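Fold and geometry: a report
Below, each chain spelled out in residue letters.
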Amino acid sequence: MTPKPEEIEAVRRSIENLDRELVRLLAKRLEAARAIGSLKALSGRSGIRDPERERVLLETWCDEAEAAGLPRWLAGRILTEILEHSRRAQEDVFLGKAQDGEPILRLKVGYQGVPASYSDLCIDKLFAAREGLVLEKQGFETFSHVARALERQDIDCALLPVENSTCGGIGEVGEILVKGAFSVLAEEILPVEHVLAALPGTRRRDVKAVRSHRAALEQCRSLLERMEAARVEVWHDTADAARSIADEKAVGVAAICSMEAAQRHGLEVLARDVADNPENYTRFLLLAREPGESDPRLPSKTSLVLALRDEKGALAQCLEVFARHEINLTRIESRPKPQAPWEYIFLIDFEGHRDDASVRDALADLPTYTSQLRVLGSYPMRRPSDDHLQSLPVPRVNLDDEGIPKVARPLIEDVPLTALRPDGKKSGVRVGDVLIGGGGFTLIAGPCAVESREQVFEAAAMVRERGARILRGGAFKPRTSPYSFQGLGYQGVDFLVEAGRAHGMPVVTEVLSPEDVTRVAKKADMLQVGARNMQNFELLKELGRVGRPVLLKRGMSATLDELLHAAEYIMAGGNHQVVLCERGIRTFEPATRATLDVSAIPVLKERTHLPVVVDPSHAAGRRSLVIPLALAAVAAGADGLIVECHPHPDAALCDKDQALSPDDLERLVGRIQAMIPQRQAGVVGR
Ligand code: PEP
Ligand code: MN
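Residues numbered from 1 in each chain as written. Chains lettered and ligands numbered in written order. Predicted model: local features only at pLDDT ≥ 70, side-chain atom pairs only at ≥ 80, totals over all residues. Heavy atoms only, no water.

1. What to know about the coordination of the manganese ion (ligand 2)
The criterion, for reference: Donor atoms: N, O and S within 2.8 Å of the metal, or within 3.2 Å for Na, K and Ca. Because water is excluded, sites can look incomplete. Strands are runs of DSSP state E lasting at least two residues, helices are runs of H or I lasting at least four, and both sets are numbered from the N terminus onward.
Bound to the manganese ion (ligand 2) are the protein donor atoms Cys448 (SG), His618 (NE2), Glu644 (OE) and Asp655 (OD), situated 2.0 to 2.4 Å from the metal. Read N to C, the donor residues that coordinate the manganese ion (ligand 2) are spaced as C-x169-H-x25-E-x10-D. Of the two residues, Cys448 sits in the loop between strand E18 (442-446) and helix H13 (453-465) while His618 sits in helix H19 (residues 616-620), which places them 170 residues apart along the sequence.

Here is the structure:
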């Protein structure tokens, strides 16, 4: 008997009514969840989650569903989604967000892919519970396009996948993270359910080709083995594979994509959950240009990037720091260090917030073993099946009462990274194979400026023979007069490096502008910040991002406090290899070019763990004063000297009055050795 059309219509109406009722009940349930959030906030409870209560709810719900004739797994899945959403909504209330009158926040989020790709779905998941948010999503072809858009401020945030539970880390994204230019505001974990979808009416046995992203195809290997007649077509994106099949009306081609992508493009789902491993999750990170603020009361995770000092056991020591402070590492990945073959940078995630006492202590201890350390951010922790609370990560615009941006709160004190450590332990900074600090004494010597290939080779031979371990030479010269010799630029850097290599010395050279930092860092072993640039903060920030040691000279009118803050800029950027240099300050006394502030040496030793070297040449301005000032610095406890010398001082193109001749240098080294024989075997000496 065929049913009457009115009968079918009547059943359809009743289904629609039931759906409406379901929606109304869901909204009501969410309202109640929010009310609980407010009550918990009022009672000052430190977390929102009540896992035991959730477990009981889920059990009861599934039992009742089963008794009513529904499959248990279906009921469980539905309630899990509802509970997760409620938790997030509760949390916004708990954190005092999403209240009436709050201004609407507009956020432009970039991702790799096209609408309905997993990244796109994950953005929806991450921001689902956030009210008052106007979300604009923009898809890009590659991960690096997304990163570039973020850099150029075309988007506010980027959501990128960092790892997948089946395939592991996503290298290209790891590379973006180690560059350290972005902060992490949030993580999100997306359960990935691949479906097999094709044009409506397609039967599975008619499928001649399967089209998808390489990673998705790999995750569905046994499905593909079973469909041996079907060829595999690698596509750049799962959702776009679905789109292309719909657009091309490609008969006999199936896509492996998300359920949402199949629906969006009108494809029929031939099979669900087609991945080999049903537990397939992708973890995403939300990146921004500026650090975010996350509530330390929520269970949190922190991500950081670190490079190890070139010392035995440095990695073990770092791990020991985490263990000592009882910090649970959740992920450690090594990535090749740019510009340094066979050296590695580690991406580390751990449980805890950077404001937690244990994390702060660990962050204070780590720099003993690291040459670079940068915290990418702390954010609410998510778990695959047991989702935790989520707060909306917002790029920080941290304004004070007058609307002026506030500086980030330092971790421990004013200059937490530069300050002397509680145990008083001093840092050594390695330049090539030479250590500055760490109890030794290091002589850096060379001409003021690189003038020619011949000159710098001659200078290199001269200083090496007399005991210098690092070769100096300016290629970019900061001259008082625009008509003076400005240096040979990049060609000068090449000559210097060549001469240094030929005579077995690493080299140090000055960089004047942020744009030159990366390029000079590719060649030189150490970068110098000149006195005139000590507070060129853009330059300091750029130096914070490179993995090269920095010789930071004190500005001629800078206090020691300002010098330490300048060092802090470099360290805060993640580069912990900083050597301070006292080079004379401007006083009322015109008898010397500058006045060597000998007291700076013991004062800095009291205040910082960083090595301190002295430049007597620029302080003296006259050859005859260089040796006495150098010896004063040695006596006051300097970790080394940087002196200007020239094979033919009278012919020097720059600072010739203060350049030591080969004989002068010989005399200086003899005097130093007489003063500190016990400190130095082999550091100053032939
Ligand atoms: C130099 O070392 O070449 C130099 C220019 O020094 P300062 O920046 O200390 O003047
Ligand atoms: Mn000079």
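2. Some details on the site of ligand 1
Put simply, the test is: We define proximity as follows: a residue is near a molecule or strand when any one of its heavy atoms falls within 4 Å of that partner. Any pair of nitrogen or oxygen atoms within 3.5 Å is treated as a polar contact; in protein, a donor-acceptor pairing is required on top of that, and neighbouring residues in sequence qualify only through side-chain atoms on both sides. Accessible surface area values rest on a Shrake-Rupley calculation with a 1.4 Å probe, where residue burial reflects the displayed protein chains alone. The residue classification treats Ala, Val, Leu, Ile, Met, Phe, Trp, Tyr, Cys and Pro as nonpolar and Asp, Glu, Lys and Arg as charged. All others, Gly included, are polar.
Taken together, Arg472, Lys477, Glu510, Gln528, Gly530, Ala531, Arg532, Lys553, Arg583, His618 and Glu644 are the residues near ligand 1. Taking Ala531, its main chain carries an N or O atom lying 2.7 Å from an oxygen atom of ligand 1. Protein coverage of the free-state accessible area of ligand 1, which is 290 Å², stands at 97%. Its residues assigned to classes, the shell around ligand 1 comprises one nonpolar, three polar and seven charged.

3. Focus: helix H12 (residues 357-365)
Side chains of residues three or four places apart in an α-helix project in the same direction, reflecting 3.6 residues per turn. Put simply, the rule is: Note on classification: 1.4 Å probe, protein chains only; a residue is buried when its accessible area is under 20% of the maximum for its type, exposed when over 50%, partly exposed between these limits. Here, the arc refers to the directions that run from the helix axis to the C-beta atoms. By definition, residues are in contact when any of their heavy atoms lie within 4.5 Å.
Where H12 is concerned, the buried positions are Val359, Ala362 and Leu363. All buried residues of H12 project into a common sector of 100° when viewed along the axis, lining one side. Against the buried residues of H12 lie strand E12 (300-308), helix H11 (314-324), strand E14 (340-351) and strand E15 (370-380).

4. Here we look at the packing of aromatic side chains
Where we set the bar: Whether two aromatic rings pair depends on their centres lying within 6.5 Å, for rings of Phe, Tyr and Trp, where Trp uses its six-membered ring; planes under 30 degrees apart make the pair stacked, over 60 edge-to-face, and the rest tilted.
All chains considered together, the criterion is met by three aromatic pairs. The interplanar angle of 50° and the centroid separation of 5.3 Å between the aromatic rings of Phe322 and Phe350 together place this pair among those described as tilted. Taken as a pair, Phe322 in helix H11 and Phe350 in strand E14 lie far apart in primary sequence, 28 residues in all. Each member of the pair, Phe322 as well as Phe350, is classed as buried. Their ring planes at 80° and their centres at 5.1 Å tell us that Phe476 and Tyr490 sit as a pair that is edge-to-face.

5. So, the environment of Leu83
Structurally, Leu83 can be placed in helix H3 (residues 72-94). When the C-alpha atoms of Leu83 and Glu54 are compared, they prove to be 7.9 Å apart, with 29 residues separating the residues in sequence. Here Leu83 is in contact with Arg29, Glu54 and Leu57, once residues within four sequence places are set aside.

6. Details of the pairing of E12
Selection rule: A pair of strands is labelled paired if DSSP reports no fewer than 2 bridges between them.
With respect to burial, E12 is a largely interior element, eight of its nine residues being buried. Pairing of E12 with E14, which is carried by seven bridges, proceeds in the antiparallel orientation. Residue Lys301 lies in a different strand from E14, and its bridge partner there is Glu351.

7. Overview of the packing of helix H5 (residues 143-151) against helix H6 (residues 171-178)
Formally: Only C-alpha atoms enter the line fits that serve as axes; for helices the fit covers just the stretch in contact. Angles between N-to-C directions range over 0 to 180 degrees. We call two directions roughly parallel when the angle between them is under 35 degrees, roughly antiparallel when it is over 145, roughly perpendicular when it lies between 65 and 115, and oblique otherwise. Working rule for handedness: look at the near helix, and if it is turned counterclockwise from the far one by less than a right angle, call the crossing left-handed; if clockwise, right-handed.
Running from N to C, H5 and H6 cross one another at 25°; their axes reach a closest spacing of 9 Å. Classified by the angle their axes make, H5 and H6 are roughly parallel. The hand of the H5/H6 crossing is right-handed. For the pair formed by H5 and H6, the contact residues are Phe143, Ser144 and Ala147 on the first element and Glu172, Val173 and Ile176 on the second. Taken together, the residues of the contact of H5 with H6 sort by class into four nonpolar, one polar and one charged.

8. Brief notes about the pattern of salt bridges
The condition that has to hold: The term salt bridge refers to a pairing of a side-chain nitrogen on Lys or Arg with a carboxyl oxygen on Asp or Glu at a separation within 4 Å.
Using the criterion set out here, one finds 45 salt bridges in the structure. Between Arg243 and Asp240 there is a salt bridge; the shortest N-O distance is 2.6 Å. With Arg243 and Asp240 both in helix H9 (residues 238-248) and three residues apart, the pair spans about one turn of that helix. Its relative accessible area of 29% is what places Arg243 among the partly exposed residues. Ionic pairing is found between Asp597 and Arg554, a salt bridge with its closest N-O pair at 2.8 Å. Of this pair, Asp597 sits in the loop between strand E23 (578-582) and helix H18 (600-607) while Arg554 is found in the loop between strand E22 (550-553) and helix H17 (560-572), placing the two residues 43 residues apart along the sequence.

9. Examining H13
As a reminder of what qualifies: Any helix carries an expected span of 1.5 Å times its number of residues minus one.
The first and last C-alpha atoms of H13 sit 18 Å apart over 13 residues, in line with the 18 Å expected at 1.5 Å per residue. Residues of H13 that are buried include every one of Gln455, Val456, Ala459, Ala460, Ala461, Met462 and Val463, and no others. As for H13, its buried residues are in contact with E18, strand E19 (470-472), helix H14 (490-502) and helix H21 (662-675). Gly467 lies just past H13 and shows a positive phi near 105°.

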